[in-house]
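# Secondary and tertiary structure notes
Residues per chain, in single letters:
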Amino acid sequence: MSEIIQHLTVVEHPLIQHKLTIMRDKATPTAVFRQLLREISQLLAYEVTRGLPMTTKRIETPMQEMDAPTLAGKKLALISILRAGNGLLDGVLELIPSARVGFVGLYRDEETLQPVQYYFKVPEAMEDRLVIAVDPMLATGNSSAAAVDLLKQAGATNIRFLCLLASPEGVARMKEAHPDVPIVTAALDEAIDARGYIVPGLGDAGDRMFGTK
Ligand code: URA
């Protein structure tokens, strides 16, 4: 499978940056936030699927026969890291409707501060698929690194990570734990705060997309 070379790709497309600014604004209502996340996820999906292997198939246009390009290999797997990952998943799935879908649920143990798994369900034959893990916020990187550990234990060898915002700490943690996993994001923010939130960020992505508090 062809590869994205860099460990980190920040997609600085004007449409993405414009929509992201509206999402960051705390005055933006839930319905608008959710719609913009769907739109941005489709623009990011374009980038994270760059270089997918291709083959050709023989087709007949109204004019003549031709060997036309088509995606090769097994259907790719989209893995949502619950719960905020579902906001990115919906848009990407609209663009790649044949993808297989999996879910990883992790919570943070308040004593050990380590991620604990509560749900894990992924497609079969992970070793034969390009696996795209989606989570809007790459903050400390601990749960993202743990989720990728689980995907590798399930057999995945070709993994890409798609997020909306990343912190330098999260990128460094992922690079240390999984240097083979390229990250695609809409922005690299300044830092994480003492509670592990990205700043300037956009707040709690799950709360903002689901209207919870
Ligand atoms: N998760 C969020 O939803 N927001 C952050 O800023 C960090 C983690």
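The rules behind these values
- Residues numbered from 1 in each chain as written.
- Predicted model: local features only at pLDDT ≥ 70, side-chain atom pairs only at ≥ 80, totals over all residues.
- UniProt positions renumbered as here; feature names shortened; annotations may be inferred.
- Helix = DSSP H or I, 4+ residues; strand = E, 2+ residues; numbered from the N terminus.
- Buried ≥ 20, exposed ≤ 12 C-beta atoms within 10 Å, placed from the backbone.
- Contact = placed C-beta atoms within 7 Å.

Under an unreviewed UniProt entry, the protein chain has the name Uracil phosphoribosyltransferase and belongs to Sulfitobacter aestuarii. A UniProt comment under Catalytic activity (unreviewed entry) is attached to the protein chain, and it reads "UMP + diphosphate = 5-phospho-alpha-D-ribose 1-diphosphate + uracil". What the UniProt record of the protein chain gives under Sequence similarities (unreviewed entry) is the line "Belongs to the UPRTase family."

### Some points on the UniProt feature "binding site: 5-phospho-alpha-D-ribose 1-diphosphate" (unreviewed entry) in the protein chain
Mapped onto the present numbering, the UniProt feature "binding site: 5-phospho-alpha-D-ribose 1-diphosphate" (unreviewed entry) falls on R83, R108, D135, P136, M137, L138, A139, T140, G141, N142, S143 and D204. Tracing the backbone shows M137 in strand β8 (residues 137-138). Judged by C-beta crowding, with 28 C-beta atoms within 10 Å, M137 ranks as buried. Not counting residues within four places of it along the chain, the set of residues in contact with M137 comprises A84, C163, L164, L165, I198 and A205. Turning to its location among the elements, D204 is positioned in the loop between β14 (198-199) and α6 (205-210).

### Brief notes about unusual backbone geometry
In this structure, R83 follows L82 across a cis peptide bond, with omega equal to -5°. The residue R83 is located in the loop between β4 (77-81) and α3 (85-95) in this model.

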